Amino acid sequence: MKKLIVFFILCFIVLIAGCTIIKDFDKESAVKLTDPIMDKTMEGLNENNYEKFTAYYTEPYKKSFPESAFLRFTEGFYKNPGKYISREVYDVKQIENGFIIHYKGIFENRDNVAITVTFELSNGVYKIKKIRFY
């Protein structure tokens, strides 16, 4: 009888352990997938080029940020923090249907600008759902 109880307990533990296994999230792959998107986006910012800056935006996000708003944004942005120089990843988090990447941005007038970008998988392609500079 004790062997049967031990057997059931072991089966139960194995069953629970199997249900709690979480697939590892590959942060490096997420960054590699999105680096070209960020490169083009930041080039667009430096060039004051709306089409380039928003080329990888989701449609709803692009509609919420028209070219006139972009031009007003960049007018003040170029004064402080200035033109974009580089970025460094400091955190990557997986979310449903994408991930959020936090960068430390280096700009002409400030060398510690937080950039937070939410990427969303849309029709097999990652798009920018939201980008924020702090």
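In this report, we go over the structure that sits alongside the text.

What counts and what doesn't
- Residues numbered from 1 in each chain as written.
- Predicted model: local features only at pLDDT ≥ 70, side-chain atom pairs only at ≥ 80, totals over all residues.
- Heavy atoms only, no water.
- Core = buried A, V, L, I, M, F, W, Y, C linked by side-chain atoms within 4.5 Å.
- Buried < 20%, exposed > 50% of the residue type's maximum accessible area, 1.4 Å probe, protein only.
- Helix = DSSP H or I, 4+ residues; strand = E, 2+ residues; numbered from the N terminus.
- Phe/Tyr/Trp six-rings, centres within 6.5 Å; stacked < 30°, edge-to-face > 60°.
- Pairing = 2+ DSSP bridges.
- Axes fitted to C-alpha atoms, helices over the stretch in contact; angles between N-to-C directions.
- Contact = heavy atoms within 4.5 Å.

## Things to note about the nonpolar core
Item 1. Residues Phe107, Ile115, Phe119, Ile131 and Phe133 are the most contacted members of the largest nonpolar core, which totals 27 residues.
Item 2. Where this core is concerned, the elements lending two or more residues are helix H2 (27–46), helix H3 (50–53), helix H5 (67–77), strand E1 (84–95), strand E2 (98–107), strand E3 (113–122) and strand E4 (125–133).
Item 3. With six residues, the single largest contributor to this core is H2.

## Digging into the packing of aromatic side chains
Item 1. In total, this model carries 15 aromatic pairs according to the counting rule given.
Item 2. When the centroid spacing of 5.0 Å and the interplanar angle of 65° are considered together, the rings of Phe77 and Phe133 count as edge-to-face. Residue Phe77 is found in helix H5, and its partner Phe133 is found in strand E4; the two are separated by 56 residues along the sequence.
Item 3. By relative accessible area, Phe77 is classed as buried at 7%.
Item 4. Here the aromatic cluster, defined as three or more aromatic residues joined through ring pairs, consists of Tyr50, Phe53, Tyr57, Tyr61, Phe65, Phe70, Phe73, Phe77, Tyr84, Phe107 and Phe133.

## A closer look at unusual backbone geometry
Item 1. Going from Asn80 to Pro81, the amide bond is cis rather than trans, its omega being 20°.
Item 2. Relative to the assigned elements, Pro81 resides in the loop between H5 and E1.
Item 3. The phi dihedral of Asn97 is positive, around 65°, even though this residue is not glycine.

## A closer look at the pairing of E2
Item 1. Burial analysis of E2 places eight of its ten residues in the buried class, which makes it a mostly covered element.
Item 2. In this sheet, E2 lies alongside E1 in antiparallel orientation, the contact comprising ten bridges. By the bridge assignment for E2, Val92 is matched with Ile101.
Item 3. Here E1 folds back onto E2 in antiparallel fashion, the turn holding two residues, of which Asn97 has a positive phi close to 65°.
Item 4. One ladder, built from eight bridges, connects E2 with E3; its direction is antiparallel. Bridging across to E3, Phe99 finds its partner in Phe119.

## Describing the sheet that holds E2
Item 1. An order of E1-E2-E3-E4 is seen for the four strands of this open sheet, with the pairing classed as antiparallel. Single-partner strands in this sheet number two, and they are E1 and E4. Each strand axis lies, on average, 25° off the axis of its neighbour in the sheet, ignoring direction.
Item 2. In the packing of H2 onto the sheet, contacts are made with E1, E2, E3 and E4, and the angle to E1 comes to roughly 140°.

## Concerning the pairing of E3
Item 1. Counting buried positions along E3 yields seven of ten residues, so the element is predominantly enclosed.
Item 2. Where E2 folds back on E3, the antiparallel hairpin that results is connected by five residues.
Item 3. Pairing between E3 and E4: eight bridges, direction antiparallel. Counted as the bridge partner of Glu120 is Lys127 from E4.
Item 4. Following E3, the chain reverses through two residues before pairing antiparallel with E4; Asn123 in that reversal takes a positive phi of roughly 55°.

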